Amino acid sequence: MSGGNAIRGTRVGAGPMGESERGESAPRRRVSYWCANGHESRPSFAVEAEVPESWDCPRCGLPAGRDEQTPPAPPRNEPYKTHLAYVKERRSDADGEAILEEALAKLRRQREEP
C-alpha cells in the first residue's frame with residue numbers, strides 16, 4: 001500500500017490528446033536553408049506565415065540562406081581587443097610618452113611632500 005496522494009504512472013500533459021481536443025493544426029510547408037558548410041535544414045512554417053530569408057543552421061550555427069548555390073558567408077570574427085589596444089588606436093607613442101612623463105612627475109612631487 002502506498003502512502004500519500006501521489007498520482008502514479010502519469011505526468012502533466014499525458015493522456016489521449018488528439019486533434020479533437022487540441023484543434024486542427026494549421027497547414028504547414030517545409031522550407032530548405034543551406035549554410036556555408038553545406039548543411040541543409042528544413043524548418044516548417046504555417047502556409048500563410050512570412051518565410052524569413054535567413055535561418056541559423058542547427059548543426060553548426062552559421063547563417064543559412066534559401067539559395068543552395070550561394071549560401072551566406074560566415075560572419076567575420078574579430079579578435080578580442082584589450083583596453084590597451086583601444087588606447088593605442090586613439091593615441092600616438094609620443095602622446096603616450098607625454099602622459100607617462102606627466103604621471104611620473106606627479107608621483108615624484110607627492111613623494112617629496114612630507
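This one's a predicted model, so the numbers in the text were calculated from it and none came from an experiment. (Residues numbered from 1 in each chain as written. Predicted model: local features only at pLDDT ≥ 70, side-chain atom pairs only at ≥ 80, totals over all residues. Heavy atoms only, no water.)

A few points about the packing of aromatic side chains
By convention here, two paired aromatic rings are described through the distance between centres and the angle between planes.
Part 1: By the definition in use, this model includes 2 aromatic pairs.
Part 2: Measuring from ring centre to ring centre gives 5.9 Å for Tyr-33 and Trp-55, while their planes differ by 25°; the resulting arrangement is stacked. Residue Tyr-33 is located in strand 2 (residues 33–35), and its partner Trp-55 is located in strand 5 (residues 54–56); the two are separated by 22 residues in the primary sequence.
Part 3: Among the aromatic residues, those joined into a ring-pair cluster are Tyr-33, Phe-45 and Trp-55. (Phe/Tyr/Trp six-rings, centres within 6.5 Å; stacked < 30°, edge-to-face > 60°. Helix = DSSP H or I, 4+ residues; strand = E, 2+ residues; numbered from the N terminus.)

Points about the UniProt feature "binding site: Zn(2+)" (unreviewed entry) in the protein
Part 1: Cross-referencing UniProt, the feature "binding site: Zn(2+)" (unreviewed entry) maps to Cys-35, His-39, Cys-57 and Cys-60 in the present numbering. Over a stretch of 26 residues, the named residues converge on one spot in the fold, their C-alpha atoms separated by at most 8.5 Å.
Part 2: Note that His-39 resides in the loop between strand 2 and strand 3 (40–41).
Part 3: Look at His-39 and you get buried, because its relative accessible area is 16%.
Part 4: Within the fold, Cys-57 resides in the loop between strand 5 and strand 6 (63–65). (UniProt positions renumbered as here; feature names shortened; annotations may be inferred. Buried < 20%, exposed > 50% of the residue type's maximum accessible area, 1.4 Å probe, protein only.)

Observations regarding a nonpolar patch on the surface
Part 1: Taken together, the side chains of Leu-100, Leu-104 and Leu-107 define a hydrophobic patch exposed on the protein surface, amounting to about 250 Å² of accessible area.
Part 2: Following the sequence through the fold, Leu-100 ends up in helix 3 (residues 93–112). (Patch = residues over 30% accessible without salt bridge, like charges linked within 9 Å, V, L, I, M, F, W, Y side chains within 5 Å. Areas by Shrake-Rupley, 256 points an atom, 1.4 Å probe, with all protein chains shown as cover. Salt bridge = Lys/Arg side-chain N within 4 Å of Asp/Glu carboxyl O.)

Thoughts on the state of the cysteines
Disulfide: a covalent bond formed between the sulfur atoms of two cysteine residues.
Part 1: One pass over the full model with this rule turns up 0 disulfides.
Part 2: In this structure Cys-35 is not part of a disulfide, and its nearest cysteine sulfur, from Cys-60, lies 3.7 Å away.
Part 3: Classification of Cys-35 as buried rests on a relative accessible area of 2%.
Part 4: Lacking any disulfide linkage, Cys-57 is separated from the closest cysteine sulfur, that of Cys-60, by 3.7 Å. (Disulfide = S-S within 2.5 Å.)

Comments concerning the sheet that holds strand 3
Part 1: With antiparallel pairing, 4 strands are arranged side by side in an open sheet as 3-2-6-5. Strand pairing shows two members of the sheet lacking a second neighbour, strand 3 and strand 5, which therefore form its edges.
Part 2: In this sheet, strand 6 lies alongside strand 5 in antiparallel orientation, the contact comprising 3 bridges. In the strand pairing of strand 6, Trp-55 is matched with Ala-64. (Pairing = 2+ DSSP bridges.)

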